[in-house]
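Topology and contacts: notes
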Amino acid sequence: MTDVPPQRHLFNWDLASSVVLTLLGVAVVIHASGFPGAVRGVPGPAFFPMVIGGLLIALAVSLAATTRKGPRHDYWARPGGGAPRVVLRQIVAILILLVAYISLWDIVPFLARTPVLLVAIYRILGETWKRALLLAAILTFALYAVFQGLLSIQL
Amino acid sequence: MSPYLIPLSDPIAWLYVFIGVGLGVIFGSLPGFTATMGLAVLTPFTFWVGTQQALAMLLGLLTSAIFSGGIPAILINTPGTPASIAMTWDGHPLAKQGRAGFALGINAIYAFLGIIASLVVLALAAFPLAAFALSFGPAEYFAVAAFGISTMVSVSSKSVLKGLLTGVLGLILALVGLDSITGYPRFTFGAAKLLDGVSFIPVMVGLFGVAEVFTQMYVKVPHAQEIVVKLTGILPSWADVKRLMPHAISGTLIGIWIGVMPAAGADVGAIMAWGQSRRMSRKPEEFGHGSPEGLVAAVTGANAGIGGSLVTTLALGIPGDSTGAVLIGALLIHGLQPGPLLFRNRPEIVAQVIALVFMSAIITLIWGLVGAKPLARILKVKDELLWGLVLMICCVGSYALNQSTVDVWTAIVAGAFGFVLRRLDFPMGPLVLALILGPMAESNLRRALTLSQGDVSILFTRPISLLFLVLTAASFLWPLITWLRGDKEKRPDRTAGSGCGRVDGVKPALRAELRGEGNR
């Protein structure tokens, strides 16, 4: 994280976070208002969600207020330097692969889908084809042996 | 043999402790990987083994991870875990002076002594504390839970406001599912799978496993290329032992005390112990330049926190930090609810915990003394190789819990959100604390008010409840008070040795990343 003076080109992530969290707080309060309320002074299921929703709104608004005063932070600056976009692309690619992997969980058998995922992940992380294939084979077998063989969990 | 000490004579228990210690060495030694991450990733596995075996692995991992964090701190000047930051200050200069073996020996021996001393405190303090807590009613339990939640302020190292926000997010997550008092469904949106609430373990796996891998990819901790492996003279001489004794005692006492305090973890213990040791030293100018006294203080301060933190975690069910929260989650999936009732109904479990930590400490000591060279080689393992493995274990482990892909989705979504939140400086510790303690606070508050027929004075007229509520208020208000006093800038920086230390060679950005999450 790097502190920098207020600059127009730097996206205000704190303000964006506070807006999202305020909206979430409002949604919680609105949704909780439909829960049963207090009976003879004893709080019902609505009490805690209403309090917590209100607290979230108050804290999120406070965050928005503090971002107006202090310097903006470049949260996405990489400590060691280097382009954030490249590594962000890698992370998003791995996330997409994981989503696909879970989506195929009940369709494609473990021994078929797992090595493909691992090869793809290791290639994204910069490993050679040979090494990625070897690692994928070893890890798939190890996971299968532990979960299916040792723990009898149907993968 | 007494049923309380069964693990000591059980070869299977030793085997599981050995596995846990081995995993702890890996998670502790590799910079960026933490004990919290190791526990989160390992927990789903333990669901499929017996309670004792599960505890053996988890406690073995916890015990050895903090010790192992000292290895890269000494050899490559990069702390393996946040708890070992203070070990870089004197450990690495010793290595550069050609005394790497001596520094590693000190790390192994004094880690062992610190853990054993803290176990004595655990055995002596936890049972009376739990017995005292048996007299608690709903009002007291609410107050204790509220105090536990308030400690989220302390674990929010960068921004208190953001810590509170993630804590509130955790409280909201904890609301999902059937209301514990009336059975009314809340925030389930008609989905039957949400009636049981958000599954805690996959959330932890996502926040501390998946998000951690993404964070490491983003930060990319510099990897060791050249490691000092000339390891001779591991054992300290008798003269060294006598000279180091006061510093070991001081570090151990500080570590235990910090460990008992909720939300103050091993990193704080190590730094405070190092600072205190320097103050009491006749040669304070040597601290930071390879002082064995400084290293001993840091090592004992970090490791003595293990038993200390288990006191409140087990006796009151209040996690001291993220690691404690994950440990509580792991105990819960084995049907063990930490708190005074655990001591009354299952005292053998508490005794087994003590025995297992003792066994872990012994194996860790042996690892540390005879396995120094292989341990040093672990540092050469490429992070990229482990990232793929950890991601796969996160997926398969989450699935293994209930054999449901919903849990895998939960882990991945939590991981993605966790990564973004961490980049934006929202700490994860408060979220986990709130997720565990939120239901406890809500249900006990409502029970207390039901007993008093809606009279809130029940919370303030009972002394223990009042005490914890005052502590809660103080915990929440303290940052505000310090801010109003205008000394915000003087707030101790955990990574800077409370203003009294130096961090040679540890890149500031890396320190910032390390301190951002958890404290082990």
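Structure first, text after, so check above.
Notes on the structure follow. Fair warning: this is a prediction, and the values are worked out from it, not measured in the lab. (Residues numbered from 1 in each chain as written. Chains lettered and ligands numbered in written order. Predicted model: local features only at pLDDT ≥ 70, side-chain atom pairs only at ≥ 80, totals over all residues. Heavy atoms only, no water.)

**Regarding the overall build of chain A**
Scanning chain A for helices and strands turns up five helices and two strands. Helices and strands in chain A line up, N terminus first, as β-α-α-β-α-α-α. The C-alpha atoms of chain A give a radius of gyration of 24 Å, which is well past the 15 Å a tight globule of 155 residues would have. Oriented by its inertia axes, the alpha-carbon framework of chain A measures out at about 60 × 50 × 25 Å. Within chain A, buried positions represent 39% of all 155 residues. Summing over all exposed atoms, chain A offers an accessible surface of approximately 8600 Å²; the carbon and sulfur share of this is 70%. (Helix = DSSP H or I, 4+ residues; strand = E, 2+ residues; numbered from the N terminus. Rg over C-alpha atoms; globule rule 2.2 N^0.38 Å. Buried < 20%, exposed > 50% of the residue type's maximum accessible area, 1.4 Å probe, protein only. Areas by Shrake-Rupley, 256 points an atom, 1.4 Å probe, with all protein chains shown as cover.)

**Points about the packing of aromatic side chains**
Pairs of aromatic rings are described using the distance from one ring centre to the other and the angle between the two planes. Inspection of every chain in the model, using the stated rule, returns 20 aromatic pairs over all chains. When the centroid spacing of 6.0 Å and the interplanar angle of 25 degrees are considered together, the rings of Phe18(B) and Trp367(B) count as stacked. Here Phe18(B) is found in helix 2 (residues 11–29), whereas its partner Trp367(B) is found in helix 16 (residues 347–370), with 349 residues between them in sequence. Judged by relative accessible area, which is 23%, Trp367(B) ranks as partly exposed. An angle of 55 degrees between the planes, with centres 5.8 Å apart, marks the rings of Phe147(B) and Phe468(B) as tilted. Here Phe147(B) is found in helix 7 (residues 138–150), whereas its partner Phe468(B) is found in helix 22 (residues 463–484), with 321 residues between them in sequence. Each member of the pair, Phe147(B) as well as Phe468(B), is classed as buried. Sitting over the ring of Tyr101(A), Arg113(A) keeps its end group 5.0 Å from the ring centre. (Phe/Tyr/Trp six-rings, centres within 6.5 Å; stacked < 30°, edge-to-face > 60°. Lys NZ or Arg CZ within 6 Å of the ring centre and 35° of its normal.)

**Things to note about the side chain of Ser443(B)**
Residues and elements named next belong to chain B. Structurally, Ser-443 can be placed in helix 20 (residues 429–451). By relative accessible area, Ser-443 is classed as buried at 10%. One polar contact links the side chain of Ser-443 to the main-chain carbonyl oxygen of Met-440, over a distance of 3.4 Å. In this view, Ser-443 contacts Ser-180 and Ile-181; residues no more than four positions away in its chain are not counted. (Polar contact = N/O pair within 3.5 Å; in protein donor to acceptor, adjacent residues only side chain to side chain. Contact = heavy atoms within 4.5 Å.)

**With respect to the nonpolar core**
Phe147(A), Leu75(B), Tyr110(B), Phe214(B) and Met217(B) are the most contacted members of the largest nonpolar core, which has 207 residues in total. The biggest single contributor to this core is helix 6 (residues 100–133) of chain B, with 16 residues. Those residues within four positions of Tyr110(B) in sequence are excluded, and the remaining contacts are Val241(B), Leu244(B), Ala248(B), Val296(B), Val299(B) and Thr300(B). Ile254(B), Ile258(B), Val268(B) and Ala297(B) belong to the second largest nonpolar core, which has five residues in total. (Core = buried A, V, L, I, M, F, W, Y, C linked by side-chain atoms within 4.5 Å.)

Any functional reading would require information beyond the geometric quantities listed.
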